[in-house]
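# Descriptive analysis of the structure
What follows is the residue order along each chain.
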Amino acid sequence: MVSPRLNYKVPSFYYRNYITILNFISIIFLNFIKCISKSLYELIDEHTDISTNCDSNGRNGKLVLPHITRGELMDLHNYLELDATEMATLVQAREIKPQELLEVSFQQLEKVNPTLNAVIQSRKEKAMMEAEQLQLNGSPFIGVPLLLKNISQSLKGEPLTSGSKLLKKSIANQNSNLVEKLHQAGFTFMGHTNTPEFGLKNITEPTEYGPTRNPWNPQHSPGGSSGGSAAAIAAGIVPLAGASDGGGSIRIPASFTGLVGLKPTRGRTPVGPGVGRQWQGASIDFALTRTVRDSAALLDVLQVIQPEAAFQTPLFPGSYKKEMERVFQKPLTIAYTVNSPVGTPVSKDAKLAVEKIVKWLEKEGHHVVEQENDVDGVQLMKDYYVMNSGEISSVVKNLEQAFGRELTTDDLEMESWLLNEAGKNVSAAEYAGSIASWDKASAQMAAFHKDYDLYITPASAYPAPRVGELTYDLEEQEILRQKMKETGDKEKQQAIIYDMFLPSLTYTPFTQLANLTGQPAISLPLYVTEDGLPLGVQIMAGKGQENRLLQVAYQLEQSDLWIGMQGNPYFEHANTMSHIVRVQKGG
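Residues numbered from 1 in each chain as written. Predicted model: local features only at pLDDT ≥ 70, side-chain atom pairs only at ≥ 80, totals over all residues. Heavy atoms only, no water.

Judged by nonpolar contacts, the single largest core of 107 residues is most densely connected at Phe141, Phe187, Ile539 and Leu556. Those residues within four positions of phenylalanine 187 in sequence are excluded, and the remaining contacts are Phe141, Val144, Leu146, Leu182, Leu240 and Leu298. Judged by nonpolar contacts, the second largest core, of 48 residues, contains Ala282, Tyr385, Ile392 and Met445. (Core = buried A, V, L, I, M, F, W, Y, C linked by side-chain atoms within 4.5 Å. Buried < 20%, exposed > 50% of the residue type's maximum accessible area, 1.4 Å probe, protein only. Contact = heavy atoms within 4.5 Å.)

What follows covers the packing of aromatic side chains. The tally for this structure, following the rule as stated, stands at 9 aromatic pairs. Note on phenylalanine 141 and phenylalanine 187: the rings are 4.7 Å apart at their centroids and 15° apart in plane angle, and the pair reads as stacked. One end of the pair, phenylalanine 141, is in the loop between helix 5 (124-132) and strand 4 (145-149); the other, phenylalanine 187, is in the loop between helix 6 (177-184) and strand 5 (188-193), and 46 residues separate them in sequence. For phenylalanine 141, a relative accessible area of 0% puts it in the buried group. Since its relative accessible area comes to 2%, phenylalanine 187 is described here as buried. (Phe/Tyr/Trp six-rings, centres within 6.5 Å; stacked < 30°, edge-to-face > 60°. Helix = DSSP H or I, 4+ residues; strand = E, 2+ residues; numbered from the N terminus.)

For the rest of this paragraph, the subject is the pairing of strand 8 (residues 284-289). Most of strand 8 is tucked away, with 6 of its 6 residues classed as buried. In this structure, strand 6 (residues 240-245) lies alongside strand 8, joined through 6 bridges in antiparallel fashion. What sits directly across from alanine 243, in strand 8, is phenylalanine 286. Examined bridge by bridge, strand 7 (residues 260-263) and strand 8 share 2 bridges and lie antiparallel to one another. Within the sheet, the bridge partner assigned to valine 260 lies in strand 8 and is threonine 289. (Pairing = 2+ DSSP bridges.)

What follows concerns the confidence of the model for the protein. Residue-level pLDDT values for the protein average 88, and 85% of them are 70 or greater. The low-confidence segment residues 1-67, where pLDDT is below 50, has 129 contacts with residues more than four positions distant or belonging to other chains. Note that residues 576-587 has pLDDT below 50 and, in this model, 41 contacts with residues that lie over four places away or in other chains. (pLDDT = per-residue confidence, 0-100.)

Set out below in structure tokens:
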């Protein structure tokens, strides 16, 4: 029998078969108490009807479950049990109101944000007004509260600063195409989450806004650059949040906070308009979620071919949400490695996490072999930093034109300034050569996936670093700036860049490959350390094969390997049986 765990399959309203028995007993007992002392409960819900079916392998099938009924209090306990898909179902059925969801969401934001610093800008009054005006039109995420990432996900009339103090007064003059599609899907926008300056780090500690902290342990980082979004989800503010991934910025926070982090195929979910090529196609926008079905349903909503987009990929002809439930027709051939592609150390925990999923896959009948790919990881990272240098140099040039002055070290954080300085010396030939190396890696991985359906690695080499651990202090920053000023040699400048990022790269060396090849990858919450910190496992597939990733992710979500929010202190009450019997207020 599969043990109960916190995911959308078994929220507190919907426990598995043996929980149903306890539920029934609890109702009888509480009705008895009710007869003795009606003051104990105002009203006990006496209409529990839970049924289930399992497939031939004993996995949990679809549950037919009682929804929250009108008049039942939508409190934080109930809210935390719902993923975005279920929230929308309840709203559409008029069993809860969008305003009720928003109210709980904002209450949680106001409670936890002073500690976690996940959200840097909120819009409660506007969101409430918009929620009141929602039409129940069957939109897949109708009434669901959503936070956007403070880079590229522009919302008209709201700040969009990219984590930079230079842009703190920047106001978006239009919705991005991606945000417009989210609006059409029924989401209500609450505000924007914290992110490092220009999304350059795998932690979220911008000078202007301060560090975001990890809900699992506030002494640690939730990662970056989508760290604010990850912390908001893992703290129960929202069930999912906007994110983007240019080197692992969805999958790294997912690994560090126990979330589902899908990076789609290049061109699958373009942002537009006017965002350009987004790091030459390395970066892509999507979201972080707590459940696989939310990621699948959201991908159904956001996949699109934009005529003006630089990168396009053929639309998936079916529904990802339906496809994820399909069983594989034949065993998969799967490769895995626990070795860092850049030769840095990998923790025992990261290796154990991969070993656990390998054993599970083998028991499921798949053929799994330890096999590394042929890509030169060190050279690929060097070429990646050449691109970063050139792109940031372009950003700085545009900002200087906008402000009408030359930017100084006081205007930019150290990483941005150093990349800009190095980027000034990158020639067009060198920049083109760096992108060509991505194409070579893409060809190598395409050949690799002819032999292997999936490729498994740790999502991160270590669990989350402590806040401040990967941020250089003022003295160290000045030393690096001085080194950059003193050398005019472009190779030495690029060496400074590589060394500057090396401590961060040591934590997260596995994610960049998928960005540079353009293939999809997902981080899944399958492991927690003895210190109580989650650590994800990454699965990669060939271009256009998000459906395979979602299929295997969905199956893992039903297994005993799935960690999710188990052990997260913000979800402790959601991990109990305290809501088997629901109390309806009034009457």
